[in-house]
Each structure stands twice: as structure tokens, then as C-alpha cells.
Amino acid sequence: MMQTESVNLLSTSQLLQRIDPQLIADDDLRISVEMLLNLLEELNRKVKKLETENQLLKNENNRLKGEQGKPEIKSKNKGNKNENYSSEKERKISQHKSKSKKNQNIKIDREEVLDYDEDQLPKDAIFKGYEEVIVQDIKLVTDNIKFRKKKYYSPSTKKTYLSKLPSGYEGQFGPGIKSLVISLYYGGNMTQSKVSEFMSNIGISISTGQISNILIKNQDGFSEEQRQVYYSGLASTPWQHFDQTGSRVGGENYTTNVICNPLYSIYSTTQKKDRLNVIKCLLSSTSLNFILNPESYQLLDIFGLPIKWKNALSQLPQETVLDEEKFNILLDEHLRGLGKYNVTESKKHQPLRIIISKVIAP
């Protein structure tokens, strides 16, 4: 028993080294033992290779799961004293990595030459050119403008004609202040009171209420730009990726819809996550139009809608574009069995109401 335990403590390589086939007198037995030892050595080599590959696969699997692998602890010694080089030249020359200039992308706004007091120089001092130093700085100054708008009066028309302000200068603040307020609030995550404090420090008189108006009012230009980006994104590829995630708006559960492809991303928050809201998001619209046409009745046949509902639908206007309000009124009049819920509220009857119509882009 003790001998077995002692053998188990020995590794396979140590065990193979302890066996000497030359000590075996029988030739056939010695040849057989040599073949077995060679086989064991080959199998031992394969097992070690498989163990190494298995460990690498485990490490990769853990990395894909987000786990951290074994930390790589570098030696305190900067160089390896045992490192070999092929020639004396390689041992003497150190390889330095080239660094990119950190100032190469800095825009130079102005240049200034700094003089040296010549009285402090030795008599034999020779001018050797300039040493350039780039210093970054910023100016926050006001640009308050007093516009003098020409005014005319016509006695014949009894009207006053007044020249208009340049684009972007509507209201009390110019485009510079408006863009800075939006950047500080959304890009800098500053509160409206802090934005007002910042503006006051540089000489701009603006209240938190006026900042709120800049942030939420007269944003039609941004909305139009968002629609153009969205429509261009939809047209950029024949497919779109659509995903939904829960969100909270005013303490209530809403749904944030994400529409994207490799070229753009659009986020739209809706109160519900049903099929009609998905279509609204894809159309970038808050309302839908409906129409009954031959394609609608083909869908009714596919979904197996009862004949009585088809006959009731035939009483509705055909090939006529209807908005949601008119469409729901007609459904309530001619298809009373669907219940009192409208097309955007019913969960039980919503599929039936959806399949009887084809959605058209507004």
C-alpha cells in the first residue's frame, strides 16, 4: 500500500526516467517495454498540450463573460540581463519609440515675439533665431450688440416698415449665448441655476427662466434636423435595427425605442410598446393614417377573420385615407362587437383592428 502511494506521488516523466529497459535480460520483453515507454511519453506530451489549450479556452470564455483574467505582474527590473543579442551593434543601440507631437492639432490664433533685454546680454551674444512655445488659452468676453433698425412710415398705407434682425438674433440673446447655454446644459450636465451663474460671471444678464426658454422653446430647427437625419438613416440601408427598453418619465413607465444601423442612431420615447407605436417610431410621426384596400382583405384572409367582420368592413369607405380619430369612429359604428376600446388603447381587440387596415406614412 505504501509503495502504491509513493508511486502516485511521482510524476509521469519522473517515472519514465526511473525505468531503464537495458536492465531487462529478455530481448522480447525489453522491446515491448521500450515501445510502451515511447507510447507513454507521447501520450504524456499530448495530455500536456491539451491541458494548455483547455486552459486557454477557459481564459477566453471567462474574458467573454466579462471576468478578469490572471493579472500580468511585470518584473521590477527594467531590462533582462540574460537577453542575448546577435551583434555588438545591437547591444549598444537602444530602440526608442517615436512620439507624436501633442501640439500638432492645436490651432494657432496669433503669434507674439518676446524680446530679450539687450542690455542684459554679453557683448559677444549672437542671435540664433527663435524657440517656439505654444500656450493654450481662452477668452470669455461679451459681444453685446446695439442694433439700429431703420424705420419707415408710409402715409398712403398708414403702415410702419422696420428692418429685420439678422437670423439667429431673435429675442434678447444672440446665437452665441443660445448655443453656449445648450452646450453647458446638455453637454456639461450643468443645472439651469449654474448656467445662469456662469453667464453672470462673464457679464451676461440672464435668468433661469430665460435659460429654460432657450432650452425648450423655438426648437423647430432641431426637430427638422432630427427628422432629416432620421429619414436619411432609414434610406441608407435596406434594413434597420429596432430595440426597446423601459424608461421612467414623470414617475410613469414609458418605453424608449432605439432605431439604428451602422450609420445613425435615433431614440424615441413612447408611452406604450405595441405594434402601432413601433410603426409610429419607424415613420417618425405621432399619428397614423389608415386605408382599406384589396391588400387589406388579403391580410384578413391570411389571419382568418370571420366573414361577418369582412362584411361589416365593406360598409366603410374604401380606398380612402383615414386618420386615427375617423378610423376609430367608423370601427365603433360598424363593428360594435370589437368593444369600446379604440385602436391605440385596446389590448384584447387591437390585433383585429390592426390587421383590417394597412398603415400609410402621413
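Anything mentioned here points back to the structure above.
Residues numbered from 1 in each chain as written. Predicted model: local features only at pLDDT ≥ 70, side-chain atom pairs only at ≥ 80, totals over all residues. Heavy atoms only, no water.

1. Side note on the overall build of the protein
Piece 1. The helix and strand tally for the protein stands at 13 helices and 8 strands.
Piece 2. Put simply, the protein shows about 30,200 Å² of open surface, and 52% of that area lies on carbon and sulfur atoms. (Helix = DSSP H or I, 4+ residues; strand = E, 2+ residues; numbered from the N terminus. Areas by Shrake-Rupley, 256 points an atom, 1.4 Å probe, with all protein chains shown as cover.)

2. Notes on the environment of Glu-252
Piece 1. Tracing the sequence through the fold places Glu-252 in strand S4 (residues 252-261).
Piece 2. For the pair formed by Glu-252 and Gln-271, sequence separation is 19 residues and the distance between their alpha carbons is 8.8 Å.
Piece 3. Look past the residues within four positions of Glu-252 in its chain and what remains in contact with it is Ser-247 and Gln-271. (Contact = heavy atoms within 4.5 Å.)

3. A closer look at the nonpolar core
Piece 1. Counting residues in hydrophobic clusters, the biggest one holds 16 residues, and the most contacted among them are Leu-313, Leu-316, Leu-331 and Leu-335.
Piece 2. If you list the elements that add at least two residues to this core, you get helix H9 (275-283), helix H11 (307-313) and helix H12 (324-334).
Piece 3. The residues contacting Leu-335, other than those within four sequence positions of it, are Trp-309, Ala-312, Leu-313, Leu-316 and Leu-330.
Piece 4. Grouped together as the second largest cluster of nonpolar side chains are 11 residues, Leu-184, Val-195, Met-199 and Ile-214 included. (Core = buried A, V, L, I, M, F, W, Y, C linked by side-chain atoms within 4.5 Å. Buried < 20%, exposed > 50% of the residue type's maximum accessible area, 1.4 Å probe, protein only.)

4. Here we look at the pattern of salt bridges
It is possible for side chains of opposite charge to pair when their charged atoms get near one another.
Piece 1. Here the structure, examined in full by the defined rule, presents 7 salt bridges.
Piece 2. Where Arg-110 meets Glu-112, a salt bridge forms, and the shortest distance between an N and an O atom there is 3.4 Å.
Piece 3. Note on Arg-110: relative accessible area 61%, which makes it exposed.
Piece 4. Between Lys-310 and Asp-301 there is a salt bridge, and its shortest N-O distance comes to 2.3 Å. (Salt bridge = Lys/Arg side-chain N within 4 Å of Asp/Glu carboxyl O.)

5. Thoughts on unusual backbone geometry
Piece 1. Despite not being glycine, Lys-158 shows a phi value in the positive range, around 55 degrees.
Piece 2. Here Lys-158 shows up in the loop between strand S1 (151-154) and strand S2 (159-162).
Piece 3. Given a relative accessible area of 66%, Lys-158 falls into the exposed group.
Piece 4. Phi is positive for Asn-189, which is not a glycine, with a value near 55 degrees.
Piece 5. With respect to the helices and strands, the residue Asn-189 is situated in the loop between helix H5 (175-187) and helix H6 (192-201).

6. A few points about the pairing of strand S3 (residues 241-249)
A regular strand places its side chains so that they alternate between the two faces of the sheet.
Piece 1. Note that S3 and S4 share 9 bridges and pair antiparallel. If you follow Arg-248 over to S4, its bridge partner there is Asn-253.
Piece 2. In this antiparallel pair of consecutive strands, S3 and S4, the connection spans 2 residues, and Gly-250 shows a positive phi of 60 degrees. (Pairing = 2+ DSSP bridges.)

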